[in-house]
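Here is what each chain is made of, one letter per residue.
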Amino acid sequence: MAEAMQVVKALEAVYSKIYLRDISDNTVLYETGNLQQNMRPSATHTIYLKPNDLKITVSGKNVDVKMTIPIEIHGRNCMLELSQESQNSLNQIIELSITDPLTNLYNRRYIDERLPIDMQTCFSMDEPLSILFIDIDYFKNINDENGHIAGDLILQRLAELLQKKIRKGNGWVARYGGDEMLICLPGINNNIAKKISERINKAIENHEFNLENIKIPVTCSIGVQTVDRNTGISSVSEILSMADKKLYSAKRNGRNKVF
């Protein structure tokens, strides 16, 4: 059972409650913090995991995740029950699902869910909506020359810089994918959106991205697209496609530009 206990102990570091039962007679072989007598043999046995069953229970502000896994220990059919109780509210869990883990910005899922709502809201109020597509210039070269860890750090610091430049309530920032960031500015016309983009572009160029006392020069290209209810654009895919074209126009015209 030595190998079995190693697996159980490893799982115990992740899950708050663990039960191991013999299916034949429902005998508890192991319970969190309590090794049963019939689990003590020192022989090493192979554990075979079978398809598992996952159950998520939401009760008020608490979420309980329980997984049951049929396993075989030296020919003995058992059931491993893993339970994780979360004190986080459902809102916090939803927040995690729409947050990019590397940059702590909103993720692509948030873009897909939130952008249509903001477009519809702006159109109904006869207000414009502007999208900024931001892409790091020569990011592949940065990764190749300094390593992917350096690239990740630059993405994190760029995310922090962008969040500081967008006032809370005036818009939101998300990671679209890779080194592409998206800023949504509801109620902001194209003229103002381009001025904001120019300030962001200059701030990135002047920011010191340092890694182990080595300054890594970073610039970005930005594509700006503004829509309103009279432009004939009603879908998210259309506005993203147009913003993407503006971004690549900025790159074709020398990079480190707003287009």
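Placed above this text is the structure.
Residues numbered from 1 in each chain as written. Predicted model: local features only at pLDDT ≥ 70, side-chain atom pairs only at ≥ 80, totals over all residues. Heavy atoms only, no water.

Counting secondary structure elements, the protein chain contains seven helices and 13 strands. A buried classification covers 39% of the 259 residues belonging to the protein chain. In the protein chain, the proportion of contacts linking residues at least 24 apart, taken out of those at least 6 apart, comes to 63%. Summing over all exposed atoms, the protein chain offers an accessible surface of approximately 14600 Å²; the carbon and sulfur share of this is 49%. (Helix = DSSP H or I, 4+ residues; strand = E, 2+ residues; numbered from the N terminus. Buried < 20%, exposed > 50% of the residue type's maximum accessible area, 1.4 Å probe, protein only. Contact = heavy atoms within 4.5 Å. Areas by Shrake-Rupley, 256 points an atom, 1.4 Å probe, with all protein chains shown as cover.)

It is worth spelling out the pairing of strand 10 (residues 180-186) at this point. Consecutive side chains of a regular strand alternate in pointing toward one face of the sheet and then the other. The buried count for strand 10 comes to six of seven residues, which makes it a mostly enclosed element. Here strand 8 (residues 129-136) pairs with strand 10 via seven bridges, running antiparallel. Looking at the pairing, L132 lines up with I183 of strand 10. In this structure, the hairpin formed by strand 9 (residues 172-177) and strand 10 is closed by a connection of two residues, where G178 is found at a positive phi of approximately 60°. (Pairing = 2+ DSSP bridges.)

This next bit is on the sheet that holds strand 13 (residues 220-227). On the basis of which strands lie adjacent, the open sheet formed by four strands has the order 9-10-8-13 and antiparallel pairing. The open sheet has two edge strands, strand 9 and strand 13, and neither has a second partner. With direction set aside, neighbouring strand axes in the sheet form an average angle of 20°. Running over the sheet, helix 7 (residues 236-252) touches strand 8, strand 9, strand 10 and strand 13 and is turned about 145° from strand 13. (Axes fitted to C-alpha atoms, helices over the stretch in contact; angles between N-to-C directions.)

Before going further, it helps to examine the nonpolar core. L132, I136, L162, I183, I200 and I204 are the most contacted members of the largest nonpolar core, which totals 32 residues. Looking at this core, the elements with two or more residues in it are strand 8, helix 4 (139-146), helix 5 (148-165), strand 10, helix 6 (190-206) and strand 13. If you tally residues by element for this core, the top one is helix 5, at seven residues. Filtering out sequence-adjacent residues up to four positions away, L162 remains in contact with I134, V173, M181, I183, I200 and I204. Formed by 22 residues, the second largest nonpolar core is a distinct cluster that contains Y110, F123, A174 and L182. (Core = buried A, V, L, I, M, F, W, Y, C linked by side-chain atoms within 4.5 Å.)

The next point concerns the layout of surface pockets. Reported here for the largest pocket is a volume of approximately 390 Å³. Around the largest pocket, the lining is made up of 18 residues, and of these Y106, Q163, G171, W172 and V173 lie nearest the centre. Every element with two or more residues in the lining of the largest pocket is listed here: helix 3 (108-124) and strand 9. With three residues, the top contributor of residues to the lining of the largest pocket is helix 3. Residue composition of the lining of the largest pocket, by class: seven nonpolar, six polar and five charged. Of the pockets and cavities examined, the second largest pocket occupies roughly 280 Å³. K165, R167, N170, I196 and R199 are the residues nearest the centre of the second largest pocket, which is lined by 13 residues in total. Those elements that place two or more of their residues in the lining of the second largest pocket are helix 5, strand 10 and helix 6. (1 Å grid on protein atoms, 1.4 Å probe; cavity = no way out; pocket = protein on both sides within 12 Å on 5 of 7 lines; lining within 4 Å. Points joined across faces, edges and corners; volume = space filled by probe spheres on them. Nonpolar A, V, L, I, M, F, W, Y, C, P; charged D, E, K, R; others polar.)

On the secondary structure map, D137 appears in the loop between strand 8 and helix 4. Within polar-contact distance, the side chain of D137 engages the side chain of T219 at 2.7 Å. Looking at D137, its side chain comes within polar contact range of the side chain of S221, at 2.7 Å. Setting aside residues up to four positions removed in sequence, D137 forms contacts with I142, T219, C220, S221, K251, R255 and N256. (Polar contact = N/O pair within 3.5 Å; in protein donor to acceptor, adjacent residues only side chain to side chain.)

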